[in-house]
Structures are given as structure tokens and as C-alpha cells.
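# Per-entry structural report
One letter stands for each residue in the lines below.
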Amino acid sequence: MTLPGTATIAGSVTDALAACGVAPDRIGGDFATRTPITGGALPGATGDDAASIDDKISRAAAAFPAWRDTPAPVRGNLIKRWGELLTEHKADLARIVTAEAGKITSEALGEVQEMIDICDLAVGQSRQLYGKTMPSERPGHRLMETWHPLGVVGIISAFNFPAAVWAWNTALALVCGNTVVWKPSELTSLTALAADALLGKAVAEVGAPADLHHVIVSDRAGGERLVDDPRVALVSATGSVRMGREVGPRVAARFGKLLLELGGNNAAIVTPSADLDLAVRGIVFAAAGTAGQRCTSMRRLIVHSSIADELVGRITAAYGTLAIGDPEAEGTLVGPLINEKAFEGMRRALDEAQAQGGKVRAGGERVLADEAPEAYYVEPAVVSMPGQEAIVTEETFAPILYVMTYDDIEDAIAMNNAVPQGLSAAIFTGDQAEAELFVSSAGSDTGIANVNIGTSGAEIGGAFGGEKETGGGRESGSDSWQSYMRPATNTVNYSGQLPLAQGVEFV
Ligand code: NAD
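Residues numbered from 1 in each chain as written. Predicted model: local features only at pLDDT ≥ 70, side-chain atom pairs only at ≥ 80, totals over all residues.

The next point concerns the domain arrangement of the chain. Looking at the chain, the domain boundaries give domain 1 (6-130 + 141-261) and domain 2 (266-461). If you average the C-alpha positions of domain 1 and of domain 2, the two centres end up 30 Å apart. Those elements that provide at least two residues to the side of domain 1 that touches domain 2 are α4 (90-101) and α5 (105-125). Looking at the side of domain 1 that touches domain 2 element by element, the count peaks at six residues for α5. Per-class residue counts for the side of domain 1 that touches domain 2 are nine nonpolar, seven polar and four charged. (Domains from an automatic or database assignment. Helix = DSSP H or I, 4+ residues; strand = E, 2+ residues; numbered from the N terminus. Nonpolar A, V, L, I, M, F, W, Y, C, P; charged D, E, K, R; others polar.)

Rendered as C-alpha cells:
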């Protein structure tokens, strides 16, 4: 496959940045950006130093009272307009996502669609920030809970969802009355500038306070400033478990609020009654799609020993047909890894897996190295393991699917749960009892547990997040909006008397 030249990619990125309305002074700076498609340099961004980060946090804090006092349904109007602009510029933003994160076009468009979807959800939510009322034990009293905005929400995001994760957080944080400062991945600064510019357009058009959103172009140092700044009421951080281990204690030390969305190590169990045609499609998309660079990518397959040979044969055959290469070319299903570090991580994991008794059944080789020596394209790998060895319990952010076998469903569920991470899991089965067991409290211990569908590709309507080392946070739909607000319990006495709770007598 022929790859496009870096100059061609840079040209189309420059056009897309302009179409999204990125201010010229934010481009051409010395903060390096690159494309994993060729490994070549894209137009630099203008970085933020400590003073400018401090200024952005100050401005967001100063904008908070006016936004807090804006009625929530009026705040929803901003999100409505933002969603319209995202729809209008879907292809522009997706082009930059593809250039910087290496996603194939349909997945990059899907990422922007997720942003549009969360806007829809958040607009509706703006009229549904419900508090409960409950009966008071005292006559002539009303007892209720009301939800209030927090202040500045700091968002730290990862390279692999360079815009959608920010949108999940931002759409809800804004309708809930907060202001936002975002530190995107240093690998995807241009996507961030474009996404933020579209929100900026919506802010200007509806006449909302200009400072209610800011983006910081920085390496992790910018994230650390958000983490340590007491003006940032909530830190919502998405990335590796390593990052969460550093961020968590620092935010806790200042009693800030924290929402963590960290790594996964997602398994699928395939039982003898499964529809194997459907299972193969679900597994191949989840394991090889996005070149294995989703937090929900399938990394472990726990297959009943009676069907293991057939299933692995079908998966390896399907892997042989995957088109690997230019993510913008029609027909490509697997784009590049993000960088050399990711490739080295994959190579190291494959070496360790073999040292621990694994056998590579398909893939694992680098391709297109002659054409693009600074880009890292790989064949997704399938590796049979004798059991759930040490390497299998780690998240390697690359397309490696480890295969283990089981004989008893209880053992398969135990194996599913026997890793430190707890994001997503799936079972492929035609047996209703097995499906129910898997989604029950005695089943998968993950935040997402699916039946007859892979581990990746969540919808924004349901809460997204995971347990254990995945961090415990929830974003997107369901009740996740409550993470961006603080509940206050109010007792209102209209009785003219002062009865005390629990029958206490006093003056
Ligand atoms: P990463 O941890 O290297 O970086 C994520 C972000 O954290 C970046 O913006 C980075 O600058 C910042 N950061 C790193 N160290 C920091 C620190 N000490 N203080 C403050 N900020 C810091 O992750 P990545 O390589 O960009 O992304 C891949 C990882 O993210 C994988 O582990 C993946 O599973 C995870 N992820 C999780 C979810 C989820 O929702 N659970 C979603 C996407 C990605």
C-alpha cells in the first residue's frame, strides 16, 4: 500500500484547522506535532508555559459565577449550537484525528459522532438535573437534595480518543454550570485546538462567557498544574494506570474531586453454544480495530477447549484479510501504532509472552517499514498461552490477543476477573443462564459487561468506566452528570415550631 507524503497530510490538516476556526497564532509554534501515518512533522502548535496555564485557570475561575447563575436550560443552548457545529465540521475534525492519532476514517468520523451524541444527551440533561425530595420525620418540614455546579473542571485526556473524551466531560460539565480547562495529550494537540475552536465558535454565537473553556498545549507538566491547583474543583483524568497512580494521591492530598478513567485489560469468554460467525466478527473488530489502541480493545480470549481450535483458526484466517496501512485510504481497517514506543511495547510483550510459554499463531510483524521507516504499522497478533501468565495481566497498548482455554464457566469467569484492571468484558453464548451469570454480581467484575458483542464500541447513553485499577470513574450517560455537581441536602421548616430530629429535647 502506498502511504501519502507528510506534506500532503500537513496540507490537509492546515486546511481543516482553518475550517474549524483555529486562530492563526495557535499554529506554527514550537510545540512539536507529528503524524503516525508517516512519522513526519505536522505544523507545530503554540505551547502554554506556566504563566499562561495559570492565567487560563484564573480566567476559567473568574467566568464561573456568571455561568453558574445562567439557568441550566439556557446553558443547554450552548451545547445545542456546539453539536450543530460539530455536525457541520465532522469531516474536518475527523481528518485531523486521523492525521494525528492514526484512526481509520470511519473510526475518526465515529469519534466525532460520539461528540455530537453527547451534545444531544447533554442538551436533554440540562432540563433534568434532578434532585430528590424525601419525607421528613418532622411535621411541617420539607427535606430535599439540590445539585450545584462545582467550579472549574480540569480535564486531562489520552491520545487515543483525542477529542471525544473531552467532549463527554465538557458537554456535561458545562450544562451542569462548570467552566472547563483541558489538557489534551501532547500527541494530539492539533485535534484539541480544532475541537476547542468549534466550542469557541458556539460560545461566541450564543453570547456565553468567553472564558468558560480553555485548552492547554503542553506535555504532562500542564496536567500536573491542573492536578495541584486548588482552584480546580474536579480533575477528570483519562489515561494509563501509571498516570492515575500519580494523579490520584496528589488530587486527594488537597481534597479535590477526582474522576479517573484508566487502562483496561478486556476479555471475552466464548462458550460452546456461541454463534461463531458473530463471535469472530465481534472479536476481530474489538481486538484488531483501532490497531488495538482503545481502552476497551479486546486483549484476552477465554475460549471453551472444545471449540478453541476452530475459533482460533477462524480468527487467524480473518486476520489474514485485514488491510493494514494508510488510515485514510478506502478499505484500510488497521492504521499505524501511535509511535515507536508503542511498537517497542508490543515487541517486548510478544517476547515475554513467548518466554512464558506462548505461541504466536498469527501476526506480530512490522509492515511498511521500508516505505515509512518512522511510522509503525504492525500485523495484529494472536498468541496462544498455556494459562493467564504474568504478561497477560498487563495492558499492552497494541493489537495482541492472548488466547486461553477453559472447561468450566465458573473458571472462565474467575479468569476474566483475575487481572488488576476492570474496564470491559464480553461473553459470546447461546445459553441464557451463562449470559445471566456473566452480567450478575457473581459474574464479570468490570464496569462494562456485554453479551454477544465485543468489548469495545460503547454508546454514550450508558455510563462508561471501570473498576479496580481502571479507576472507578463513570462518564457519558446515565447518572454520570452527578460527578460534575455537588449535592446539598436542604431541610425547610415551615411549621413555626422547632421539633428536633430523633426526638431530641433541648431548650
Ligand atoms: P498517558 O497516561 O501516557 O497520558 C494521558 C494523559 O495524561 C496525557 O495528557 C498526559 O500528558 C497526561 N499525564 C501523564 N502523566 C501525568 C501526570 N503525572 N500528571 C498529570 N498529567 C499526566 O496515556 P496515553 O498513552 O495517552 O493513553 C493510553 C492509555 O489511556 C491506555 O492505558 C488506555 O487504556 C487509557 N485510556 C483509558 C480510557 C478510559 O476511558 N478508561 C480512555 C482512553 C484511554
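This paragraph deals with the environment of leucine 262. In this structure, leucine 262 sits in the loop between β9 (257-261) and β10 (266-270). Of the residues examined, leucine 262 has 29 C-beta atoms within 10 Å and is grouped as buried. Note: C-alpha distance between leucine 262 and aspartate 229 (33 residues apart in sequence) is 21 Å. The residues touching leucine 262, leaving out its near neighbours within four places in the chain, are Gly239, Ser240, Val241, Gly244, Glu469, Thr470 and Gly471. (Buried ≥ 20, exposed ≤ 12 C-beta atoms within 10 Å, placed from the backbone. Contact = placed C-beta atoms within 7 Å.)

With respect to burial, β10 is a largely interior element, five of its five residues being buried. Where burial is concerned, the two faces of β10 agree: the one with Asn266, Ala268 and Val270 and the one with Ala267 and Ile269 are both buried. Taken together, the five bridges between β10 and strand β11 (residues 298-304) define a ladder with parallel strand orientation. Its bridge partner being in β11, alanine 267 is matched across the sheet by arginine 300. A crossover links β10 with its parallel partner β11, the connecting element being helix α10 (residues 276-288), and its sense is right-handed. For β10 and strand β18 (residues 424-428), the ladder comprises four bridges, and the chain directions are parallel. The residue of β18 that forms the bridge with isoleucine 269 is isoleucine 427. (Pairing = 2+ DSSP bridges. Right-handed = clockwise from strand over helix to strand, strands pointing away.)

Let us now look at the sheet that holds strand β3 (residues 133-134). Strand order in this open sheet of three strands is β3-β4-β23, and the pairing throughout is antiparallel. Each end of this open sheet is capped by a strand with a single partner; those strands are β3 and β23 (485-493). As paired strands, strand β4 (residues 141-149) and β23 are joined by nine bridges and run antiparallel to one another. Paired with histidine 141 across the two strands is asparagine 493, which belongs to β23.

Here we come to helix α8 (residues 220-228). Burial in α8 covers these residues: Gly222, Gly223, Arg225, Leu226 and Val227. Looking at the buried residues of α8, the elements they touch are α2 (50-68), β5 (152-156), β6 (179-183), β8 (232-238) and α9 (241-253).

Our focus in this paragraph is the packing of helix α1 (residues 6-20) against α4. Between α1 and α4, the least distance of the axes is 9 Å, while the angle of their chain directions is 140 degrees. Between α1 and α4, the interaxial angle falls into the category oblique. Seen along the crossing, α1 lies across α4 with a hand that is left-handed. Across from Ile9, Ser12, Val13, Ala16, Leu17, Ala19 and Cys20 in α1, the residues of α4 making contact are Asp92, Leu93, Arg95, Ile96 and Ala99. (Axes fitted to C-alpha atoms, helices over the stretch in contact; angles between N-to-C directions. Parallel < 35°, antiparallel > 145°, perpendicular 65-115°, else oblique. Left-handed = near helix turned anticlockwise from the far one by under 90°.)

By nearness alone, 30 residues border the ligand, and Ala158, Gly223, Gly239, Glu261 and Cys295 come closest of all. Residue assignment for the shell around the ligand shows that the elements contributing at least two residues are α8 and α9. Take the shell around the ligand: its biggest share by element is four residues, from α8. The residue inventory of the shell around the ligand, partitioned by class, reads 12 nonpolar, 10 polar and eight charged. Counting contributing residues per domain, the shell around the ligand is built from domain 1 (6-130 + 141-261) and domain 2 (266-461), each supplying no fewer than three. (Near = placed C-beta within 6 Å.)

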